[in-house]
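Spelled out from the first residue to the last, the chains are:
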Amino acid sequence: MSFPPVPIRSLQARIFALFLLLLIVVQGGGYLLIKTAGIAAARKSASAEIVAGTLVFDRFLAQDTDRMVQGARLLTADYAFREAVATGDSETVASVLANHGKRIDAALMMLVGLDQRVIADSIDSATGKPFGYPELLDKAEVSQQAPAMVLLRGQLYQLVIVPVLAPLPVAWLVVGFRVDDALAQDLHRLTRLQVSFLARQRDEPWRIQASTLPQAQRAALVAGAAAGHLGSNAAEDTAGYGDEAITRVLDLAVRPNESVVAVLQEPLAVALEPFWQMQRRLTLISLLGVVVSIIASIAIARSIGRPVRDLAGVARRIAAGDYSTVPSGTRNDEIGDLAVAFRAMQEGIVTRESRITDLAYRDALTGLPNRLLFADRLDQALASAARAGAPLAVLLMDLDHFKYVNDTLGHRIGDLLLKEVAGRLQAVLRRATDTVARLGGDEFAILLAGASISDAQRLGQAILLALEAPMTLEEQVVDIAASIGIATCPDHGNESSKLLRCADVAMYEAKRTNAGIAIWDDNYDQHSLERLSLLSDLRKAVDNNELVLVYQPKISLRPDSELYVEALVRWHHPSRGLVPPSEFIPFAEQTGYIRVITQWVIGCAVAQCAAWRRQGLPTNVAINISARDLIDAQLPDRFEALLERENCAASWISLEITESAILDDPGHAIRNLERIAALGCRIAIDDYGTGYSSLSYLRRLPLHELKIDRSFVTALAHDANDAIIVRSTIELAHNMGLVVVAEGVEDEATFDALRALGCDTMQGYWISRPLGIIDAEQWLRESARAQSNFEASALRHVRQAVS
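Residues numbered from 1 in each chain as written. Predicted model: local features only at pLDDT ≥ 70, side-chain atom pairs only at ≥ 80, totals over all residues. Heavy atoms only, no water.

S.K.: Any chance you could break down the overall build of the protein chain for me, citing the residues and the numbers?
M.R.: Looking only at helices and strands, one finds 27 helices and 26 strands in the protein chain. At a minimum sequence separation of 6, the contacts of the protein chain that also span at least 24 residues come to 62%. Surface exposure of the protein chain reaches about 41,600 Å², of which carbon and sulfur atoms provide 54%. (Helix = DSSP H or I, 4+ residues; strand = E, 2+ residues; numbered from the N terminus. Contact = heavy atoms within 4.5 Å. Areas by Shrake-Rupley, 256 points an atom, 1.4 Å probe, with all protein chains shown as cover.)

What follows is the structure, given as structure tokens:
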């Protein structure tokens, strides 16, 4: 392609020359600026990074110290260990130190007496000798803990000292961890700096205890330290400059005759690399700018002779409704003004028509097609599929627990979530013929032309996978899941209304079964009718007195005179017979009717507990409440009013909740539990171990009991793994001051195993099945008469098991 010559004195030539000159001046100035200021800026940036890394370093060491203190205090809180220390049982002390050191991966465990002599240690090098760091013992006596970095036998250790109280200090527990390359690598990953630990005693040579540097650089660092190049920083926000790296030195020594430092370094080559890259890119951009300027100027010169003809063609196309061609308005004269006016007219028409179309066929929040446009495209796709004999798939998707996002984080976060979901759905769809639409609320629809059932399934799995990644919305991390229903043509129907209905029913089946994806099945019609019938009947169950409570007794191995039962609801349907709780409780939770059922259960259980107490049976009743009940702000007030009306003490009632119920809405759940616990009611975690088992939530909750799930109890006597889990759970609960209840005790072997492990209370079919009121009362009376004998026997067995 050839271009006609442009006269030197023409407007186009002057514009080209001026543009080229400005480009060269700007690019040259930028190049010189980076050349002169780059190194200084790099040093300043690296210095700021190393100071920031120092804060991370200090925070990591503080957190590591807290972890060590917690590990040490866990041992000092052990009654058997304190007793062994108090009685001078050195063998037991040494064994406990070795075992606890293995559990927490400690390199050093040491017990120091009040006379500052080592009673026992895990490395058998200091027993009977004076403790080498008496100043740390003085600090621990004042602060109840003393962390330090010390040299021991030429190796650097991170020590922490805590007192052994019984209840006054009887000894000092010393826990130490080696400072090695693994610790340095952890700090490197956090700070993104090179980390080294150096130490020496008196005037001995410096030695590297741990470092992330290669061996060659380690030798150079030792040489620099020997030459005195390492010194204290002048201020907390400064760092030292060198030829190879920017360095910050932290003094960690605790004794005058020891020197321990941490050296944090940022190589200058790493800091300068972004500036060298910027310089290279700027050079490339400058060259490309020159080339583009030449080509653009020549193109303008060539096109300047055709403005009138082009504008006339644009006018005819606009009149015909074609807005694809944009008129050029580069000339600064009347023709240029006319071109600008044409473009403004065209843009105004396009904007107004686009706005009208969007209002009618687009969702205002996400920009996706709305229900009307989706229905139109579905009808067109069905017509095309019928002519071509091709398949077609419709997917309906609903977000799980979207209401909780709106209720807890606000509608703004909910809107941002919907936008993010819309973007991820569009990213999954790769064909121009596919359509994703928002039908309303949190419901989305997808149209796949020419897709089979297997194609739709694969796309559904891709959508669920895309939604698994957490979303950060205004600094709030939100996890979301979805349920997808699939219907295809011609397998499930040839009409849009039927396909949408089938996909909708399949979607709710996926939500009900937590399957994620469900494909329409003809059996769903019958199931939908049954669900509607069950919902209608369930609303009448309370009013028609079809619900009944049964009570499953528990056996307590603690030395008290109290009796314990758990209230369980049953539904005697007039035509269906006995409906298992597993069928109607989840359905009631999904529909929100669980609150009515829970109110009825709590009312009957509290009234029955008060009645048994009036009859002289010291019975305590446990009641289960669901996630919806737990976040009900009116629950504590209704519960308090019920206790007062029935003259029932709150301490006679235990409310059992699951871990997942708390995690659905932790804020409301914890506030309600604190209000209920303030009344004197006992709070228990049910099915412990099957949910998230979050210790951070357990320590925040006002708990009194922890129930081990039956899945760990059933095979306890035969499965070593289950035995380990149950033992650990019991020890954890007891350390937190909680009572442990085991459910699912089905045989005597399991009962004996739990009793040997120190379980406080047990329930299960081996003890008793759930009983009606009359049978439960008889069981309680017989248990009350045998209570003293049973307790004495149980305690004997427990003592034998422990000894």
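Further notes follow.
S.K.: How would you summarise unusual backbone geometry if you had to cite specific residues and measurements?
M.R.: A cis geometry characterises the amide bond from cysteine 489 onward to proline 490, with omega recorded as 10°. With respect to the secondary-structure elements, proline 490 resides in the loop between strand 16 (481-489) and helix 14 (496-513). Despite not being glycine, asparagine 647 shows a phi value in the positive range, around 60°. Note on placement: asparagine 647 falls in the loop between helix 19 (635-646) and strand 22 (653-658).

S.K.: Break down the environment of arginine 501 for me, with residues and values.
M.R.: Within the secondary structure, arginine 501 sits in helix 14. Relative accessible area serves as the criterion here: at 40%, arginine 501 is assigned to the partly exposed category. Between the alpha carbons of arginine 501 and leucine 396 there is a distance of 9.6 Å; along the sequence they are 105 residues apart. (Buried < 20%, exposed > 50% of the residue type's maximum accessible area, 1.4 Å probe, protein only.)

S.K.: Explain empty space enclosed by the protein residue by residue, including any values.
M.R.: All told, the structure shown has two cavities of 30 Å³ or more when counted by the stated rule. Lining the largest cavity are Lys554, Tyr564, Val565, Asn620, Val621, Ala622, Ser651, Trp652, Ile653, Ser654, Arg682 and Glu705. Mapped onto the lining of the largest cavity, the elements with two or more residues apiece are strand 19 (563-573), strand 21 (619-624) and strand 22. A total of three residues in the lining of the largest cavity trace back to one element, the largest contributor, which is strand 21. Class assignment of the residues belonging to the lining of the largest cavity gives a composition of six nonpolar, three polar and three charged. (1 Å grid on protein atoms, 1.4 Å probe; cavity = no way out; pocket = protein on both sides within 12 Å on 5 of 7 lines; lining within 4 Å. Points joined across faces, edges and corners; volume = space filled by probe spheres on them. Nonpolar A, V, L, I, M, F, W, Y, C, P; charged D, E, K, R; others polar.)

S.K.: Now, about the sheet that holds strand 11 (residues 392-400): what can you tell me, with residues and values included?
M.R.: Pairing is mixed in the open sheet, where five strands are placed in the order 12-13-11-16-17. Among the strands making up the open sheet, the edge pair consists of strand 12 (435-440) and strand 17 (517-519). Mean inter-strand twist for the sheet, computed between neighbouring axes without regard to direction, equals 20°. Across nine bridges, strand 11 lies against strand 16 in antiparallel orientation. (Pairing = 2+ DSSP bridges. Axes fitted to C-alpha atoms, helices over the stretch in contact; angles between N-to-C directions.)

S.K.: A description of the nonpolar core should follow, citing residues and the corresponding values.
M.R.: As a rule of thumb, nonpolar side chains are buried together in soluble globular proteins. Counting residues in each nonpolar core, the largest one holds 77 residues, and the members touching the most others are Val606, Val621, Ile623, Ile653, Leu754 and Met762. At 10 residues, the largest contribution of residues to this core is made by helix 17 (residues 594-614). Apart from residues lying up to four places away in sequence, isoleucine 623 is in contact with Val601, Ile602, Ala605, Val606, Ile653, Ser654, Leu655 and Glu656. Counting residues in each nonpolar core, the second largest holds 33 residues, with Phe444, Ile446, Leu467 and Val478 among its members. (Core = buried A, V, L, I, M, F, W, Y, C linked by side-chain atoms within 4.5 Å.)

S.K.: Which residues make up the environment of leucine 679, and what values go with them?
M.R.: Within the element layout of this structure, leucine 679 appears in the loop between helix 21 (666-678) and strand 23 (682-688). For the pair leucine 679 and leucine 643, spaced 36 residues apart in sequence, the C-alpha separation works out to 9.7 Å. Not counting residues within four places of it along the chain, the set of residues in contact with leucine 679 comprises Pro636, Phe639, Glu640 and Ala650.

S.K.: If you had to explain the pairing of strand 1 (residues 108-113) to someone new, which residues and values would you point to?
M.R.: With respect to burial, strand 1 is a largely interior element, six of its six residues being buried. Here strand 1 shows a buried face lined by Leu108, Met110 and Val112 and a second buried face lined by Met109, Leu111 and Gly113. In this structure, strand 1 lies alongside strand 5 (residues 169-178), joined through six bridges in antiparallel fashion. Pairing of valine 112 across the sheet is with tryptophan 172, part of strand 5. By the bridge criterion, three bridges tie strand 1 to strand 2 (residues 118-121) in an arrangement that is antiparallel. Across the sheet, residue methionine 110 finds its bridge partner in strand 2, namely aspartate 121. Here strand 1 folds back onto strand 2, and the loop between the two strands holds four residues, one of which, glutamine 116, carries a positive phi near 65°.

S.K.: Now, about the packing of aromatic side chains: what can you tell me, with residues and values included?
M.R.: Inspection of every chain in the model, using the stated rule, returns four aromatic pairs. Taken together, a centroid distance of 6.0 Å and an interplanar angle of 35° make the contact between phenylalanine 57 and phenylalanine 197 tilted. A residue pair is termed long-range when its members are at least 10 positions apart, and phenylalanine 57 in helix 1 (residues 11-76) and phenylalanine 197 in strand 6 (residues 194-201) qualify at 140 residues. Summarising the burial analysis for this pair, phenylalanine 57 and phenylalanine 197 share the class buried. On the basis of an interplanar angle of 40° and a centroid distance of 5.1 Å, the ring pair of phenylalanine 751 and tryptophan 766 is categorised as tilted. Of this pair, phenylalanine 751 sits in helix 25 (residues 748-757) while tryptophan 766 is found in the loop between strand 26 (761-763) and helix 26 (773-785), placing the two residues 15 residues apart along the sequence. The ring of phenylalanine 177 is capped by arginine 67, whose NZ or CZ atom sits 5.0 Å from the centre of that ring. (Phe/Tyr/Trp six-rings, centres within 6.5 Å; stacked < 30°, edge-to-face > 60°. Lys NZ or Arg CZ within 6 Å of the ring centre and 35° of its normal.)

S.K.: Any chance you could break down the packing of helix 10 (residues 371-388) against helix 14 for me, citing the residues and the numbers?
M.R.: One way to put it is that helix 10 packs onto helix 14 with a least axis distance of 10 Å and a crossing angle of 115°. By the angle class used here, helix 10 and helix 14 are roughly perpendicular. The crossing of helix 10 and helix 14 is right-handed. Taken together, the residues of helix 14 that come into contact with helix 10 (itself represented by Phe374, Leu378, Asp379 and Leu382) are Ser496, Leu499 and Leu500. When grouped by side-chain class, the residues that make up the contact of helix 10 with helix 14 number five nonpolar, one polar and one charged. (Parallel < 35°, antiparallel > 145°, perpendicular 65-115°, else oblique. Left-handed = near helix turned anticlockwise from the far one by under 90°.)

S.K.: Any chance you could break down the side chain of serine 196 for me, citing the residues and the numbers?
M.R.: Structurally, serine 196 is set in strand 6. For serine 196, a relative accessible area of 0% gives the class buried. A polar atom in the side chain of serine 196 sits 2.7 Å from the side chain of serine 211. Once residues within four sequence positions are removed from consideration, serine 196 is found in contact with Ala210, Ser211, Leu213, Leu221, Val261, Ala262 and Val263. (Polar contact = N/O pair within 3.5 Å; in protein donor to acceptor, adjacent residues only side chain to side chain.)

S.K.: Give me the pattern of salt bridges: which residues, what numbers.
M.R.: Tallied over the entire structure, the rule returns 21 salt bridges. The salt bridge involving arginine 218 is made with aspartate 181; its shortest N-O contact spans 3.2 Å. With a gap of 37 residues between them, arginine 218 in helix 6 (residues 215-226) and aspartate 181 in helix 5 (residues 181-191) connect regions that are remote in the sequence. Overall, the relative accessible area of 32% leaves aspartate 181 in the partly exposed class. We note a salt bridge from arginine 431 to aspartate 434, for which the minimum N-O separation is 2.7 Å. Through salt bridges with shared partners, one network takes in Lys554, Glu566, Glu656, Lys707 and Glu743. (Salt bridge = Lys/Arg side-chain N within 4 Å of Asp/Glu carboxyl O.)

S.K.: Explain the sheet that holds strand 1 residue by residue, including any values.
M.R.: Pairing within the open sheet is antiparallel, and its five strands lie in the order 2-1-5-4-3. The open sheet has two edge strands, strand 2 and strand 3 (146-152), and neither has a second partner. Each strand of the sheet is rotated relative to its neighbour by a mean of 25°, with strand direction disregarded. Contacting strand 1, strand 3, strand 4 (155-165) and strand 5, helix 4 (residues 134-143) runs over the sheet at an angle of about 170° to strand 3.

The values reported here are purely geometric and, on their own, carry no functional implication.
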